[in-house]
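Coordinates in review
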Amino acid sequence: MVYDVVIVGAGASGLCAAYQIAKKKSNCHILILEKASIAGRKLSAAGNGKCNLTNTLFGNEHYYSQDDACIKQWCDSHSYQMILDFFETMGVLLYEKDGYYYPLSNQAKQVTEYLVAMNERFGVEIQYETSVSSISLKQNHYIVYACKNENKISFQASKVILATGGLAAPQLGGTKDGYRLAKEIGIKTSAIFPALTPAFVEDSYLKIAKGVRLDAVISLRGQDGIIKKERGQLQINDDSLSGIAMMNMSCLFNKYPQADRKDCIMIDVVPEYTWNRLKTFMDEQRNIQNRQTIIHLLSGILPTKFNKYLLKRLNIKEDELLENITEKQCNRMVSALKKLTFTPIVFEDYKRAQVTNGGVLLSEIDLSSFECNQYQGVYVVGELLDVTGECGGYNLSFAVLSGICAGNHIADSLT
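Below is a summary of the structure that appears in this document.

Quick notes on the rules
Residues numbered from 1 in each chain as written. Predicted model: local features only at pLDDT ≥ 70, side-chain atom pairs only at ≥ 80, totals over all residues. Heavy atoms only, no water. Helix = DSSP H or I, 4+ residues; strand = E, 2+ residues; numbered from the N terminus. Buried < 20%, exposed > 50% of the residue type's maximum accessible area, 1.4 Å probe, protein only. Contact = heavy atoms within 4.5 Å. Pairing = 2+ DSSP bridges. Expected span 1.5 Å × (residues − 1). Arc of directions from axis to C-beta. Salt bridge = Lys/Arg side-chain N within 4 Å of Asp/Glu carboxyl O. Right-handed = clockwise from strand over helix to strand, strands pointing away. Polar contact = N/O pair within 3.5 Å; in protein donor to acceptor, adjacent residues only side chain to side chain. Core = buried A, V, L, I, M, F, W, Y, C linked by side-chain atoms within 4.5 Å.

**Examining the environment of E129**
For E129, the location among the structural elements is in the loop between β7 (125-127) and β8 (130-138). For E129, a relative accessible area of 44% puts it in the partly exposed group. Distance in space between the C-alpha atoms of E129 and L340 is 48 Å, their sequence separation being 211 residues. In contact with E129, other than residues within four places in its own chain, are E34, K35, A36, S37, C147, K148 and N149.

Right, here's the structure in full:
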């Protein structure tokens, strides 16, 4: 079967690319091959099901890649307004809340269904439960080999878009297929890691504070000082730390050699108080309530479960009277509250990851079109590329915009 364009993957980037091509080229024959039985499983789960499509703070400071210069250049020439225009022109109205943009329906699944319906309206063919095994170049066109219901099939196309997504969230269709296909074609990729995931840490006492949520300032320390700092809610699990701020930090963990990860996470759990002010408060309480226990003093500051964890970590008994707390112990407590350190462990938990860090190198791609530099007619979009965004709609922004860019370029190049 012969098509103008074959798209591997019916996620956000693949659906947006197909729609953009079909809208501009009504006589274009487009086929989307999707491994799952439905389209856009990750898109339907985006934003906790509400579909955070983009963010008013769109910019390169919210993206990570081995080629930061390319990302900056790309972000400087794009904006969240492009996404608003794309969806509103299509017929999907959005609203803004605290800088985050959502569809008025607040239904991610509905956005997916709308995208699929618009593609079908413009004549795009979607084949589900079809797994692509390989892609080969034959003279001036590509042959896409696939398997459907154990039957081997193939498709001819002048353009191919790899929009498979990454390995994150395999329960929602995350797969290594895109990396494999890219490598087989000859496109270079970097190592991949789970990102926007909880930080697994070395701390046997952490389970004592399981379930505690705190407003905190989280810092990531490098060899030359603090490389990232963010304030937000910290959630403590039995073996990990999570919350939006901490998950954003996870985008940088793979940049650390194992030897440099020691105590690189620093958390201030009382950001409203300076070290000196907090120390003065504790000294005053030690004088006023010297016959009270240390756990009683801490109960006026933070949740009990966290206080129990902190004292266990500092090797201080909960029932120790304040009059027996030494100056050194008091200083250690204040320092722990202001700069509690953790060492992240490399733990490849893709099930809890929202995106994949790493992928097809940006040096392989022309970011103005998302076409491969070496292979004319092959495009790579979305999460498959070495671009990782923070929480807040940034990854979906990149998926949508990369799909639109590739779609525009293909539509303009087809005769």
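Read on, since the account is not over.
**What to know about the environment of Y256**
Its place among the elements puts Y256 in the loop between α7 (244-249) and β16 (265-268). A relative accessible area of 8% means that Y256 is categorised as buried. Considered as a pair, Y256 and Q223 are 33 residues apart in the sequence and their alpha carbons are 9.7 Å apart. Contact partners of Y256, with chain neighbours within four places excluded, come to L220, R221, G222, I227, R261 and C264.

**Digging into the sheet that holds strand β6 (residues 100-103)**
Spatially, β3-β6-β5 is the arrangement adopted by the three strands of the open sheet, whose pairing is antiparallel. The sheet is open, and its two edges are formed by β3 (54-55) and β5 (94-97), each paired on a single side. Pairing analysis gives two bridges linking β3 to β6, with the strands arranged antiparallel. Bridge assignment links N55 to a residue of β6, and that residue is Y100.

**Things to note about helix α5 (residues 108-121)**
Given a rise of 1.5 Å per residue, 14 residues ought to cover 20 Å, and the 20 Å separating the end C-alpha atoms of α5 matches this to within 8%. When α5 is considered as a whole, its buried residues turn out to be A108, V111, T112, L115, V116, M118 and N119. When α5 is viewed along its axis, its buried side chains cluster within an angular range of 165 degrees and face the same direction. Projecting away from the buried face of α5 at angles above 90 degrees are the exposed residues K109 and R121. Turning to α5, the residues buried within the fold contact α1 (12-24), α2 (41-45), α4 (80-90), β6 and β7.

**Some points on unusual backbone geometry**
One non-glycine residue, Q139, lies in positive phi territory at about 55 degrees. Checked against the element boundaries, Q139 lands in the loop between β8 and β9 (141-148). Although it is not a glycine, A169 adopts a positive phi angle of roughly 55 degrees. Residue placement: A169 occurs in the loop between β10 (151-162) and α6 (177-185). Residue A169 is classed as buried on the basis of its relative accessible area, which comes to 7%.

**A closer look at the pattern of salt bridges**
Enumeration over the complete set of coordinates arrives at 19 salt bridges. One salt bridge in this structure joins R231 and D215, with 2.6 Å as the shortest N-O distance. With R231 in strand β14 (residues 225-236) and D215 in strand β13 (residues 213-222), this pair connects stretches of sequence that are 16 residues apart. In this structure D215 comes out as partly exposed when scored by relative accessible area, which is 38%. A salt bridge links K279 to D283; the shortest N-O distance between them is 2.7 Å. Of this pair, K279 and D283 are both found in helix α8 (residues 275-288), four residues apart, which corresponds to roughly one turn of the helix.

**Overview of the pairing of strand β2 (residues 30-33)**
Burial of β2 is two-sided: the residues I30 and I32 facing one way and the residues L31 and L33 facing the other way are all buried. Here four bridges tie strand β1 (residues 2-8) to β2, and the two strands are oriented parallel to one another. Across the sheet, V5 pairs through a bridge with I30, a residue of β2. Taken together, β1, α1 and β2 form a β-α-β motif whose crossover is right-handed. As paired strands, β2 and β7 are joined by three bridges and run parallel to one another. Paired with L31 across the two strands is E125, which belongs to β7.

**A short note on the environment of T130**
Tracing the chain through its elements places T130 in strand β8. Spatially, the C-alpha atoms of T130 and N149 are 7.7 Å apart, while their sequence positions differ by 19 residues. Excluding its chain neighbours within four sequence positions, the residues that come into contact with T130 are L33, E34, K35, A146, C147, K148 and I153. Engagement of the side chain of T130 in a polar contact is seen with the backbone oxygen of Y128, the distance being 3.0 Å.

**Re the nonpolar core**
Of all hydrophobic cores here, the largest spans 87 residues; its most connected members are I161 and F370. With sequence-adjacent residues up to four places away left out, I161 is seen in contact with V5, V6, I7, V8, A17, I21, Y379, V381 and I410. One finds I218, C251, C330 and V334 within the second-largest nonpolar core, a separate group that totals 52 residues.

**What to know about the side chain of T356**
Its location among the elements puts T356 in strand β18 (residues 355-357). Among the residues examined, T356 registers a relative accessible area of 0% and is labelled buried. One polar contact links the side chain of T356 to the main-chain amide nitrogen of A168, over a distance of 2.9 Å. Among all residues touching T356, those that are not within four sequence positions of it are G166, L167, A168, Y179, I192, F193, Y350, E383 and T388.

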